[in-house]
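Residues per chain are reported as follows:
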Amino acid sequence: MKKLVLFLAIVTIFLSCKEDVVKKPAGLIKKEVMVDIIYDISLLDAIKYQNPKYIDSFKINPQKFILKKYKVDSLQFANSNVYYSADYEDYKLMFDEVAKRLEQKQTSTDSLIKLESKKLKKVKKTKISEKSIPVDTLVRGRKQLIDKNVIKQPVLQREALQ
């Protein structure tokens, strides 16, 4: 009998400690949508930090823009944020997801920048090699094309006028 009373006392203590710190608000934003909102706000804040004139040129408040995008008001976002932040482990997982998405975006952006710089280098090399061709060669080549009727004479006259 003493063991049963002790067991019930321990269970009662554990159940009473399980009380929610923050009650679930009305209009709670879904966890996936909350992660999307935090991601977008983080992205826009980073842009604003890197180039403040860019965001200011649009004359918008990034946070208001994001909340409008997801059709959420600021009070609903604040209440949902407080509710999710009450559970530290779950909140940390949400921010880990945001960090993971930001890293993926960073990686893809870096690869695009490298690809564009390679294309730019090729274009510069091509322009340099075109400059190294003697003008006489270009003129002779054009005359040969005119003689073969590949380029018509009026096209050349329009190019000369420009």
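K.L.:
Whenever I open this one, the packing of helix α2 (residues 31-50) against helix α4 (residues 62-69) confuses me. Can you help?
P.N.:
The interhelical angle for the contact between α2 and α4, taken along N-to-C directions, is 150 degrees, at an axis separation of 9 Å. Judged by the inter-axis angle, α2 sits roughly antiparallel to α4. In terms of crossing hand, the pair formed by α2 and α4 is right-handed. Facing α2, whose interface residues are Ile 37, Asp 40, Ile 41, Leu 44 and Lys 48, α4 presents Pro 62, Gln 63, Phe 65, Ile 66, Leu 67 and Lys 69. Its residues placed into classes, the contact of α2 with α4 shows seven nonpolar, one polar and three charged.

K.L.:
Can you help me understand a positive patch on the surface in this one?
P.N.:
Together, Lys 114, Lys 118, Lys 121 and Lys 124 make up a positively charged patch on the protein surface. Tracing the chain through its elements places Lys 114 in helix α6 (residues 88-131). Accessibility expressed as a relative area gives 57% for Lys 114, which makes it exposed.

K.L.:
Would you mind going over the pattern of salt bridges with me for this structure?
P.N.:
Close approach of charged atoms allows side chains of opposite charge to pair. Following the criterion strictly, the structure yields four salt bridges and no others. Measuring nitrogen to oxygen at the nearest pair gives 2.3 Å for the salt bridge that ties Asp 90 to Lys 31. Taken as a pair, Asp 90 in helix α6 and Lys 31 in helix α2 lie far apart in primary sequence, 59 residues in all. Classification of Lys 31 as partly exposed rests on a relative accessible area of 31%. Residue Asp 36 is joined to Arg 101 by a salt bridge in which the shortest nitrogen-to-oxygen separation is 2.7 Å. Taken together, the residues span a long stretch of sequence, with Asp 36 in helix α2 and Arg 101 in helix α6 at a distance of 65 residues. Taking the relative accessible area as the measure of exposure, Asp 36 reaches 24% and is therefore partly exposed. Arg 101 sits in the partly exposed class, given a relative accessible area of 23%.

K.L.:
Got a minute to help me understand the nonpolar core in this structure?
P.N.:
The biggest cluster of nonpolar side chains holds 16 residues, and the ones touching the most others in it are Ile 29, Met 34, Ile 37, Val 72, Phe 77 and Met 94. Going through the elements one at a time, α2, α4, α5 (74-85) and α6 are the ones with two or more residues in this core. No other element matches the seven residues that α2 contributes to this core. In this structure, Phe 77 is in contact with Ile 29, Met 34, Ile 37, Ile 41, Gln 63, Leu 67 and Val 72, ignoring residues within four places of it in sequence.

K.L.:
Please clarify how the packing of aromatic side chains should be interpreted in this entry.
P.N.:
The relation between two aromatic rings is expressed through the spacing of the ring centres and the mutual angle of the planes. Evaluation of the coordinates by the stated rule reveals two aromatic pairs. For the ring pair Tyr 83 and Tyr 84, a centre distance of 5.6 Å and an interplane angle of 65 degrees mean the geometry is edge-to-face. Assessed through its relative accessible area of 25%, Tyr 83 is described here as partly exposed. Assessed through its relative accessible area of 7%, Tyr 84 is described here as buried. An angle of 70 degrees between the planes, with centres 5.0 Å apart, marks the rings of Tyr 91 and Phe 95 as edge-to-face. Linking Tyr 91 with Phe 95, this pair stays in helix α6, spanning four residues, or about one helical turn. Classification of Phe 95 by relative accessible area gives partly exposed; the value is 35%.

Conventions we followed
Residues numbered from 1 in each chain as written. Predicted model: local features only at pLDDT ≥ 70, side-chain atom pairs only at ≥ 80, totals over all residues. Heavy atoms only, no water. Axes fitted to C-alpha atoms, helices over the stretch in contact; angles between N-to-C directions. Helix = DSSP H or I, 4+ residues; strand = E, 2+ residues; numbered from the N terminus. Parallel < 35°, antiparallel > 145°, perpendicular 65-115°, else oblique. Left-handed = near helix turned anticlockwise from the far one by under 90°. Contact = heavy atoms within 4.5 Å. Nonpolar A, V, L, I, M, F, W, Y, C, P; charged D, E, K, R; others polar. Patch = residues over 30% accessible without salt bridge, like charges linked within 9 Å, V, L, I, M, F, W, Y side chains within 5 Å. Areas by Shrake-Rupley, 256 points an atom, 1.4 Å probe, with all protein chains shown as cover. Salt bridge = Lys/Arg side-chain N within 4 Å of Asp/Glu carboxyl O. Lys, Arg positive; Asp, Glu negative; His and termini not counted. Charge placed at Lys NZ, Arg CZ, Asp CG, Glu CD. Buried < 20%, exposed > 50% of the residue type's maximum accessible area, 1.4 Å probe, protein only. Core = buried A, V, L, I, M, F, W, Y, C linked by side-chain atoms within 4.5 Å. Phe/Tyr/Trp six-rings, centres within 6.5 Å; stacked < 30°, edge-to-face > 60°.

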